[in-house]
Amino acid sequence: AGSYNQSGLNLSGLAQTWRVMMLRLSRETDYSLLAIMYIAAQPEGRLTDRREIAAHYNIPPEFLGKVLQKLSRHGLVRSVRGMKGGYALAKRPDQITLTDVVEAVDGPIILVDCQCDAKSCKQEEVCTVQSTLAGVRQEIRGVLDGVSIHDMRRRLESEDAPRLISLGAALR
């Protein structure tokens, strides 16, 4: 049992490990998307308290607060202080892309270190993969740029009515 390469090494667990490590959104980004989707489901003008979002998704409120601060600093949500304060989207849902959220929380999308600082790469002068990986990075960005919060909401409405109903019930 298991998969072996030409050298006789067992690779069966390696592919699974790579799938987990490669191109995975951080927990912080995951929570950011959940929070934005929750806020986007609110009636226009309604502010949402972070504790309400945290309770709905079982997210530690302090951690969610830090996530929402990042989203606010990047202009994706707006924060209103005070007793009747909370969060609202700072842009229309069709103007917020997955790239916006990922980069607000985790920084630029990079696959290898030389994509953010070529000077740190010891192989730069002899590198045979840099241009290909730059193209892959652009493809990934293109996919993420092509999905807005509005698109996610529409998909949820068409494919996953029970979750949408659950979210709607939580908003009442």
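In this text the structure is predicted, and so the values were computed from the model without any measurement. (Residues numbered from 1 in each chain as written. Predicted model: local features only at pLDDT ≥ 70, side-chain atom pairs only at ≥ 80, totals over all residues. Heavy atoms only, no water.)

Colleague: Could you give an account of the environment of Asp30, naming the residues involved and the relevant values?
Modeller: With respect to the element layout, Asp30 can be found in helix H2 (residues 27-40). Between the C-alpha atoms of Asp30 and Val101, which are 71 residues apart in sequence, the distance is 9.4 Å. (Helix = DSSP H or I, 4+ residues; strand = E, 2+ residues; numbered from the N terminus.)

Colleague: Tell me what's going on with the packing of H2 against helix H3 (residues 50-57), and back it up with residues and numbers.
Modeller: Across the interface, H2 lies against H3 with an axial gap of 10 Å and an inter-helix angle of 115 degrees. On the basis of their axis angle, the class for H2 and H3 is roughly perpendicular. Considering the relative orientation of H2 and H3, their crossing is right-handed. The residues of H3 that touch H2, namely those facing Leu34, Ala35, Tyr38 and Ile39, are Glu52, Ile53, His56 and Tyr57. Split into classes, the residues belonging to the contact of H2 with H3 amount to six nonpolar, one polar and one charged. (Axes fitted to C-alpha atoms, helices over the stretch in contact; angles between N-to-C directions. Parallel < 35°, antiparallel > 145°, perpendicular 65-115°, else oblique. Left-handed = near helix turned anticlockwise from the far one by under 90°. Contact = heavy atoms within 4.5 Å. Nonpolar A, V, L, I, M, F, W, Y, C, P; charged D, E, K, R; others polar.)

Colleague: Talk me through the side chain of Thr29; I want residue IDs and the actual numbers.
Modeller: With respect to the helices and strands, the residue Thr29 is situated in helix H2. Discounting chain neighbours no more than four positions away, the residues touching Thr29 are Val101, Val102, Val105 and Asp106.

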